[in-house]
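# Reading the structure
Now for the letters of each chain:
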Amino acid sequence: MSNTDIYDAPHYSGAGEEIVVIGSGFAAQQLIKSLRKLDAGQPIRLITADSGDEYNKPDLSHVVSRGSKAASMMRLSGAEFAEQQRIMLVPHSPVLGIDRQRRTVLTAQGEFTYGQLVLATGARAVRPAIPGGEQLVTLNSLEEFAAAEERLQCARRIMVLGAGLIGCELAMDMASSERQITLVDQATSPLSALLPAMLSQPLQQALQAQGVKLQLGLGIREIAAFDPEQPDAGLRVILSDGAQSEQDLVIAAIGLRPNLELAQTTGLMVGQGIQVDAWLRSSDPHIYALGDCAEWQGQLLPFLQPILLGANALAKTLLGSPTALTLPPMLVKVKTPHYPLQLAGRTQGEDLAWQCRWNRQGMVAEAVGESGELCGFVVGGDQMGAAFPLLCQLPR
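Scoring rules and cut-offs
Residues numbered from 1 in each chain as written. Predicted model: local features only at pLDDT ≥ 70, side-chain atom pairs only at ≥ 80, totals over all residues. Heavy atoms only, no water. Helix = DSSP H or I, 4+ residues; strand = E, 2+ residues; numbered from the N terminus. Rg over C-alpha atoms; globule rule 2.2 N^0.38 Å. Buried < 20%, exposed > 50% of the residue type's maximum accessible area, 1.4 Å probe, protein only. Contact = heavy atoms within 4.5 Å. Areas by Shrake-Rupley, 256 points an atom, 1.4 Å probe, with all protein chains shown as cover. Lys, Arg positive; Asp, Glu negative; His and termini not counted. Charge placed at Lys NZ, Arg CZ, Asp CG, Glu CD. Pairing = 2+ DSSP bridges. Right-handed = clockwise from strand over helix to strand, strands pointing away. Domains from an automatic or database assignment. Buried area = accessible area lost by both parts, 1.4 Å probe. Salt bridge = Lys/Arg side-chain N within 4 Å of Asp/Glu carboxyl O. Nonpolar A, V, L, I, M, F, W, Y, C, P; charged D, E, K, R; others polar. Axes fitted to C-alpha atoms, helices over the stretch in contact; angles between N-to-C directions. Expected span 1.5 Å × (residues − 1).

Turning our attention to the overall build of the protein chain. Helices and strands together make up the secondary structure of the protein chain, namely nine helices and 27 strands. Here the protein chain has a C-alpha radius of gyration of 22 Å; the compact-globule value for 396 residues is 21 Å, and the two agree. Its C-alpha atoms put the protein chain at 60 × 60 × 35 Å along the principal axes. Burial statistics for the protein chain: of 396 residues in total, 53% are counted as buried. For the protein chain, the proportion of contacts with a sequence separation of at least 24, taken over those separated by at least 6, is 60%. Split by element, the accessible area of the protein chain, about 17800 Å² in all, is 49% carbon and sulfur. Charged side chains of the protein chain number 30 positive and 40 negative; the gap between the two group centres comes to 4 Å.

Next up on the list: the pairing of strand β11 (residues 157–161). Looking along a regular strand, one sees side chains alternate from face to face of the sheet. Of all five residues making up β11, four are buried, and the element is well covered by its neighbours. The sheet contact formed by β11 and strand β12 (residues 180–185) spans five bridges and is parallel. In the strand pairing of β12, M159 is matched with T182. Taken together, β11, helix α5 (residues 165–175) and β12 constitute a β-α-β crossover, and its handedness is right-handed. Sheet analysis places β11 next to strand β17 (residues 249–252), joined by four bridges and oriented parallel. Bridge assignment links V160 to a residue of β17, and that residue is I251.

The subject of this paragraph is the environment of G310. As for its placement among the helices and strands, G310 is situated in helix α8 (residues 304–318). Taking the relative accessible area as the measure of exposure, G310 reaches 0% and is therefore buried. Sequence spacing of G310 and L31 is 279 residues, and the spatial spacing of their C-alpha atoms is 8.2 Å. What G310 contacts, discounting residues up to four positions off in sequence, is L280, L290 and L325.

We now examine the pairing of strand β9 (residues 116–119). On β9, burial covers both faces: Q116 and V118 on one face and L117 and L119 on the other are all buried. Sheet topology places strand β1 (residues 19–22) next to β9; four bridges connect them, and they run parallel. Its bridge partner being in β9, I19 is matched across the sheet by Q116. Taken together, the three bridges between β9 and strand β20 (residues 287–289) define a ladder with parallel strand orientation. Of the residues in β20, the one forming a bridge with V118 is Y288.

Domain parsing of the protein chain yields domain 1 (19–122 + 259–319), domain 2 (126–255) and domain 3 (340–392). The partner domain 3 presents ten residues to the ten residues of domain 2 that form the contact. When domain 2 packs against domain 3, close to 770 Å² is buried across both sides, 77% of that on carbon and sulfur atoms. The interface formed by domain 2 and domain 3 contains zero salt bridges. Taken together, the residues that form the side of domain 2 that touches domain 3 break down as nine nonpolar, one polar and no charged.

Okay, the sheet that holds β20 next. Taken together, the five strands give an open sheet; going across it, the order is β5-β2-β1-β9-β20, and neighbouring strands pair in parallel fashion. Every interior strand has two partners, whereas the edge strands, β5 (88–90) and β20, have only one. Geometrically, the sheet is characterised by an average inter-axis angle of 20 degrees between neighbouring strands, direction not taken into account. Relative to β9, α8 is tilted by about 165 degrees, and along the sheet it contacts β1, β9 and β20.

Another point: helix α4 (residues 142–154). Between its first and last C-alpha atoms α4 spans 18 Å; for 13 residues at 1.5 Å apiece the expected length is 18 Å, and the two agree. By the burial criterion, the buried members of α4 are L142, F145, A148, E149 and L152.

What follows is the structure, encoded as structure tokens:
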């Protein structure tokens, strides 16, 4: 399915009909804020399986070094957010079904009719299918952090599974608190989905300088609790090469999987995510998708800037001014303070030639295509100032 072959430009359903949003994460809340900026009176209903509290999700990568408490990370309770934005909130209400013919959402608290419906169901952390996988902790939401908070505070030996963006941020953050950190990944270099191995070497060295033990080219075969009745008794972890270690906590940071079950049972077209067109509209003309659950132009966009831009565009569409989502070249920031990185554009591909400038504290690496054009870049260390001028040179 292409971005333009579902329907023509969206048709406004009319003022007075409720816009119903399912989900209460960053995407849902940004959409509601964007709607309210444009229309103070549009009826909006938010339906969520949790309490709908507002917090800053990226802060979850830095809870240890900051000594964060789950309770203090909440910016607004769900009720406060609803009052501030003048919306109707239906909390603690998992959606049981969607009747597309009647345009109703079914919950345990009753049925709610919509003029237009937005699925912002997000994504959940991936857990490997291994013996003892239930012992893994994930930090993909404030609720998950609250559930693991006490164990995280007490743990001195922590293994992080996944050396991607979140895994590297978590490992560096926790290593700053004098914990013994082991970072495990099946790839042979950190950030392997984002960078060539040579460009991640300074980050790898910074992690090792902090005392992080890197176990690259390996996975986890099995996790076993020393005493199932005592969660604090420790874990025995067996790696794919047979090596064993004792850990207090193992955190999974190997990626996210969009929550598609509701879309699938509703009969919407799905691929990696809920497939949407240029206006973020699904295969149903009255249902849209936004955030980690949406697949736009054949790709998932699990970063904040696409969600912000998507929320702004979708708010206009829902209120009668069809606005297609267009994305400029966007910076991806790796918040690893001992060696931060920023990158944009295309940074993987055998056709790219890299032009690199290194010093002892940083680097600027430019990816050049076969015709000599700038395709992407990576800056690191003390060279962060080079990012914006390079970003301006990338083709839109």
